[in-house]
Amino acid sequence: MVMKLRSMAPQWFHEDPSKTAKCVLFPATKDYDPWYGDTDDSEAEDETEDAKAICTGSADGTPCPLLASCLEFAMINNERYGVWGGMSPEERAQLRKERKLVSNK
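S.K.: Describe the pattern of salt bridges, with residues and values.
M.R.: All told, the structure shown has 4 salt bridges when counted by the stated rule. Taking the shortest distance from any N to any O, the salt bridge between Glu-49 and Lys-52 comes out at 3.2 Å. Taken together, the positions of Glu-49 and Lys-52, both in helix 1 (residues 42-56) and 3 residues apart, correspond to about one turn of that helix. Owing to a relative accessible area of 10%, Lys-52 belongs among the buried residues under this scheme. Measuring nitrogen to oxygen at the nearest pair gives 3.0 Å for the salt bridge that ties Glu-72 to Arg-99. Placement of the pair is Glu-72 in helix 2 (residues 67-76) and Arg-99 in helix 3 (residues 89-103), with a sequence separation of 27 residues. Here Arg-99 falls in the partly exposed class, since its relative accessible area comes to 35%.

Below, the structure written as C-alpha cells:
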C-alpha cells in the first residue's frame, strides 16, 4: 500500500485575482454553502451542481485556477465531504477507485 502524507491546502487567496480560488468569491452563510450542501436534499444537490460548475468553469467559461491543486489536496487528504476540485464526494470516491486500479496494474 502506498501512503501519501497529508498535504497543505493550496493558497486560496492571492494578490493576483486571476490566481485566487473562485469559491472564495461566494462566501458561505449559515443557510447557504453550495460547496458543503447536504447531498440527500434535492435543493442542495442543485447547489452542489452550481458549485461544481463554478469550479470547472462550465458556469462562466473560466475554470478555477486552483482546480487541479484543490482536487489533488482533497484526494491526498481523503476529504469525504463537500465539492473539491469540481468533484462531489461520490465522484472523488470513484476517482480513488480508478487510481487504485491503475496503480495496482
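Following the structure, the description resumes.
S.K.: Can you break down the confidence of the model for the protein residue by residue, with the values?
M.R.: For the protein, mean pLDDT is 86; residues scoring 70 or higher make up 87% of the total. When the elements of the protein are averaged for pLDDT, helix 1 gives the smallest value, 86, and helix 2 the largest, 95.

S.K.: Lay out the environment of Gly-86 with the relevant residues and their values.
M.R.: Within the element layout of this structure, Gly-86 appears in the loop between helix 2 and helix 3. Separated by 31 residues in the primary sequence, Gly-86 and Cys-55 have C-alpha atoms spaced 4.9 Å apart. Dropping the residues within four chain positions of it, Gly-86 is found in contact with Lys-52, Cys-55, Thr-56, Leu-67 and Glu-91.

The rules behind these values
- Residues numbered from 1 in each chain as written.
- Predicted model: local features only at pLDDT ≥ 70, side-chain atom pairs only at ≥ 80, totals over all residues.
- Heavy atoms only, no water.
- Salt bridge = Lys/Arg side-chain N within 4 Å of Asp/Glu carboxyl O.
- Helix = DSSP H or I, 4+ residues; strand = E, 2+ residues; numbered from the N terminus.
- Buried < 20%, exposed > 50% of the residue type's maximum accessible area, 1.4 Å probe, protein only.
- pLDDT = per-residue confidence, 0-100.
- Contact = heavy atoms within 4.5 Å.

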